[in-house]
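Structural overview
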Amino acid sequence: ASVRVRYLDRDGEAVELAMEGIAAKCVQHEMDHLDGILFVDHLSALKRNIILRKLTKWKRQNVA
């Protein structure tokens, strides 16, 4: 996984960075947030439903 990012620094100067590995994944994760995308949006419908059922069950068991 790699990514190339162009942005403006604090002084308004254009900067371009190329990243790989965990740094690239972190940048993509943050870009997804800016675009309104959550990690669950990347899951298949089946996996998403399994997680939602577990969360619903957990919520029922932990509501005081």
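Every chain is numbered on its own, with residues counted from 1 as its sequence reads. Selection of residues for local features in this predicted model requires a pLDDT of at least 70, selection of side-chain atom pairs for listing and counting requires 80 or more, and totals for whole chains, interfaces and linings are taken over all residues. As a rule here, side-chain values come from all non-hydrogen atoms in the structure, and water together with hydrogens is ignored.

A few points about the overall build of the protein
Put simply, DSSP H or I for four residues or longer makes a helix, DSSP E for two residues or longer makes a strand, and each gets a number counted from the N terminus. Per the secondary structure count, the protein includes two helices and two strands. Counting from the amino terminus, helix and strand elements in the protein follow one another as β-β-α-α. Every radius of gyration here is taken over C-alpha atoms, with the globule rule written as 2.2 Å times N^0.38, N being the number of residues. Over its C-alpha atoms the protein spans a radius of gyration of 18 Å, topping by over 25% the 11 Å that the globule rule assigns to 64 residues. Here the C-alpha coordinates of the protein stretch approximately 50 × 25 × 20 Å along the principal axes. Burial status follows relative accessibility: with a 1.4 Å probe on protein chains alone, a residue under 20% of its type maximum counts as buried, one over 50% as exposed, and anything between as partly exposed. Within the span of the protein, comprising 64 residues, buried residues form 8% of the whole. Considering only intrachain contacts with a sequence separation of at least 6, the fraction spanning at least 24 residues in the protein is 6%. Note that accessible areas follow from Shrake-Rupley with a 1.4 Å probe, and for residues the cover is restricted to the protein chains shown. Only carbon and sulfur atoms are counted for the fraction: they give 57% of the accessible area of the protein, which is about 6,000 Å². Distance from the positive charge centre (11 side chains) to the negative charge centre (9 side chains) of the protein: 21 Å. It only takes one pair of heavy atoms within 4.5 Å for two residues to be counted as in contact. For this count, His and the chain ends are skipped, Lys and Arg are scored as positive, and Asp and Glu as negative. Here the site of a charge means NZ on Lys, CZ on Arg, CG on Asp, or CD on Glu.

So, the pairing of strand β2 (residues 14-20)
Bridge count for strand β1 (residues 2-8) against β2 is seven bridges, and the pairing is antiparallel. What sits directly across from arginine 4, in β2, is alanine 18. The criterion for strand pairing is that DSSP finds at least two bridges linking the strands in question. Counted between consecutive antiparallel strands, the loop separating β1 from β2 contains five residues, among which glycine 12 sits at a positive phi close to 85°.

With respect to the environment of threonine 56
By the secondary structure assignment, threonine 56 is in helix α2 (residues 45-62). Owing to a relative accessible area of 43%, threonine 56 belongs among the partly exposed residues under this scheme. Threonine 56 sits 30 residues away from cysteine 26 along the chain, and the two C-alpha atoms are 29 Å apart.

Details of the side chain of aspartate 32
Examined against the element boundaries, aspartate 32 turns out to sit in helix α1 (residues 21-34). When a carboxyl oxygen of Asp or Glu is within 4 Å of a side-chain nitrogen of Lys or Arg, the pair counts as a salt bridge. Buried and without a salt bridge, aspartate 32 has arginine 48 as its closest oppositely charged side chain, separated by 12 Å. Apart from residues lying up to four places away in sequence, aspartate 32 is in contact with Ile37 and His42.

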